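Commentary on secondary and tertiary structure
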Amino acid sequence: MSTLFIADLHLCDEEPAQTAGFLHFLAHQAVHADALYILGDLFESWIGDDDTTPLHLQIAAAIKTLVNSGVPCYFIHGNRDFLIGKRFARASGMILLPESQRVDLYGRKMLIMHGDTLCTDDTGYQAFREKVHRPWLQMIFLALPLFFRRRIAAKMRAGSKAANSNKSLSIMDVNPQAVVDTLTQYHVQWLIHGHTHRPEIHALVANQQQAFRCVLGAWHHEGSMIKVTPENVELISFPF
Ligand code: LP5
Ligand code: MN
């Protein structure tokens, strides 16, 4: 019995190793799990479900194969692929979850999220996030021709890279008080998230008890997952 969590694969045409690693992971590891949770940034960027590139179709088909084999797959949006919608969910068989979700796994109550909302010191990002999550702005963006959307996304990526080079590492990490407040709000002692690309299981205190924050790694040179079983919560890295 096991439930697997992954995040920050950043799949794109330019990095075929990650795609191959993900396909291998689905066919050889996820297929034996009770469920797979993808906690955002599955793709490097997502500009609309109508952008049906061969990569997107291949990934949708591979996830669908997993789901058809009896392993449900759940998805929480990241800051790069928050525009993944119902059409891609249908094609892939993934179930879209809200940005924070409480799950009960083998008796352990856990909260899962992408992790970007915990980076409250990064006020520039939070302001950007608030804007691009406005439904009316998303509707206008999604109505634009694909080539134009691609150009805007590239501008945003370049702007983000430039902004990040001037930000300290601590600004781009989670805010400790935001973590404690979130664990308190949801009455849980376990949190699993990605986004910061700093894989680690941190012990802390919340709700006057021991708590754990489990951070997934990005799929740069190897894969990263968290495996929850009735006995254990393990952070595991593995070659592609
Ligand atoms: O993504 P990453 O790792 O570089 O940094 C993130 C934060 N940046 C982002 C921006 C994304 O990378 C952009 C993805 C776009 C793809 C989808 C397009 C959909 C558009 C929908 C419109 C409705 O998330 C970064 C954080 C970092 O994580 C760590 O947490 O710091 O935040 C920023 O860099 C925000 C900056 O502070 C400001 C962003 C500048 C964007 C410039 C906009 C230019 C737009 C031009 C449009 C015509
Ligand atoms: Mn992210």
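Higher on the page you've got the structure.
Quick notes on the packing of aromatic side chains
- This structure, assessed with the given rule, holds 13 aromatic pairs.
- Look at Trp219 and Phe238: their rings are 5.4 Å apart centre to centre, the planes differ by 90 degrees, and that puts the pair in the edge-to-face class. Remark: Phe238 occurs in strand E11 (residues 233-238) and Trp219 occurs in the loop between strand E9 (209-215) and strand E10 (223-228); sequence separation between them is 19 residues. Across the pair, exposure class does not vary: Trp219 and Phe238 are buried alike.
- Here the aromatic residues Phe22, Phe25, Trp219, Phe238 and Phe240 are joined through ring pairs into a cluster of three or more.
- The aromatic ring of Trp190 is capped on one face by Arg108, whose charged end is 5.5 Å from the ring centroid.

A word on the pattern of salt bridges
- In this structure the tally under the stated criterion is ten salt bridges.
- Here Arg149 and Asp50 are joined by a salt bridge, their closest N and O atoms 2.8 Å apart. Of this pair, Arg149 sits in helix H6 (residues 146-165) while Asp50 sits in the loop between strand E2 (35-38) and helix H2 (54-68), placing them 99 residues apart in sequence.
- Since its relative accessible area comes to 2%, Arg149 is described here as buried.
- Ionic pairing is found between Arg129 and Glu99, a salt bridge with its closest N-O pair at 3.2 Å. In this pair, Arg129 is assigned in helix H4 (residues 123-132) and Glu99 in the loop between strand E4 (95-96) and strand E5 (100-105), connecting sequence segments 30 residues apart.
- Overall, Arg129 belongs to the buried group, its relative accessible area being 12%.
- Look at the salt bridges and you will find they share partners, linking Glu44, Arg80 and Arg157 into a network.

What to know about the site of ligand 1
- Around ligand 1, the surrounding shell holds 21 residues, and the nearest of these are Asn79, Arg80, Asp122, Arg157 and Lys167.
- Here Ser160 contributes a side-chain N or O atom positioned 2.8 Å from an oxygen atom of ligand 1.
- The side chain of His195 places a nitrogen or oxygen atom 2.8 Å from an oxygen atom of ligand 1.
- A total of 1,100 Å² of accessible area belongs to ligand 1 in isolation, and the protein chains cover 82% of it.
- Among the elements of the structure, H4 and H6 are those that each provide at least two residues to the shell around ligand 1.
- Per-element accounting of the shell around ligand 1 gives the leading share, six residues, to H6.

Some words on H6
- With 20 residues, H6 ought to run about 28 Å at 1.5 Å a step, and its terminal C-alpha atoms sit 29 Å apart, in line with that.
- Considered for burial, the residues of H6 that qualify are Arg149, Ala153 and Arg157. Looking down the long axis of H6, one finds its buried residues gathered within 80 degrees of arc, a one-sided arrangement. Opposite the buried face of H6, by more than 90 degrees, sit the exposed residues Lys155 and Ser165.
- The secondary structure elements touched by the buried residues of H6 are helix H5 (135-143).

Considerations on the pairing of E10
- Counting buried positions over the six residues of E10 gives five, a clear majority of the element.
- When E10 meets E11, the two strands line up antiparallel, connected through six bridges. In the strand pairing of E11, Lys227 is matched with Glu234.

Some remarks on the sheet that holds strand E3 (residues 73-75)
- If you trace the six strands from one edge of the open sheet to the other, you get E4-E3-E2-E1-E10-E11, paired in mixed fashion. The open sheet is flanked by E4 and E11, the only strands paired with a single partner.
- Sheet topology places E3 next to E4; two bridges connect them, and they run parallel. Within the sheet, the bridge partner assigned to Tyr74 lies in E4 and is Ile95.

Criteria and cut-off values
- Residue positions are counted from 1 within each chain, in the order its sequence is given.
- Ligands are numbered from 1 and chains lettered from A, in the order in which they are written.
- Given that this is a predicted model, residues contribute local features only at a pLDDT of at least 70 and side-chain atom pairs are listed and counted only at 80 or more, while totals for whole chains, interfaces and linings are drawn from all residues.
- In computing side-chain values, all of the structure's heavy atoms are included and hydrogens and water are not.
- Stacked, edge-to-face and tilted are the three classes for Phe, Tyr and Trp ring pairs, Trp counted by its six-membered ring, which pair at centre distances within 6.5 Å; planes under 30 degrees apart are stacked, over 60 edge-to-face, the rest tilted.
- Helix and strand labels come from DSSP, where a helix needs a run of H or I of at least four residues and a strand needs a run of E of at least two; each type is numbered from the N terminus.
- Exposure is judged per residue with a 1.4 Å probe applied to protein chains only, and the accessible area is read against the type maximum: over 50% gives exposed, under 20% gives buried, and values in between give partly exposed.
- Any Lys NZ or Arg CZ found within 6 Å of a ring centre and within 35 degrees of that ring's normal is scored as a charge over the ring.
- Between Lys or Arg on one side and Asp or Glu on the other, a salt bridge is scored when a side-chain nitrogen of the former is within 4 Å of a carboxyl oxygen of the latter.
- Whether a residue is near a molecule or strand is decided by its heavy atoms; if any one of them lies within 4 Å of it, the residue is near.
- N or O atoms within 3.5 Å of each other form a polar contact, as long as, within protein, one can give a hydrogen and the other can take it, and as long as residues adjacent in sequence are counted only when both atoms are side-chain atoms.
- Using the Shrake-Rupley algorithm and a 1.4 Å probe, accessible areas are obtained, with residue cover drawn only from the displayed protein chains.
- The span expected for a helix works out to 1.5 Å for each residue beyond the first.
- Read the arc as the range of directions from the helix axis to the C-beta atoms.
- Working rule for contacts: check all heavy atoms of both residues, and any pair within 4.5 Å makes them a contact.
- At least two bridges found by DSSP between two strands is the condition for calling them paired.

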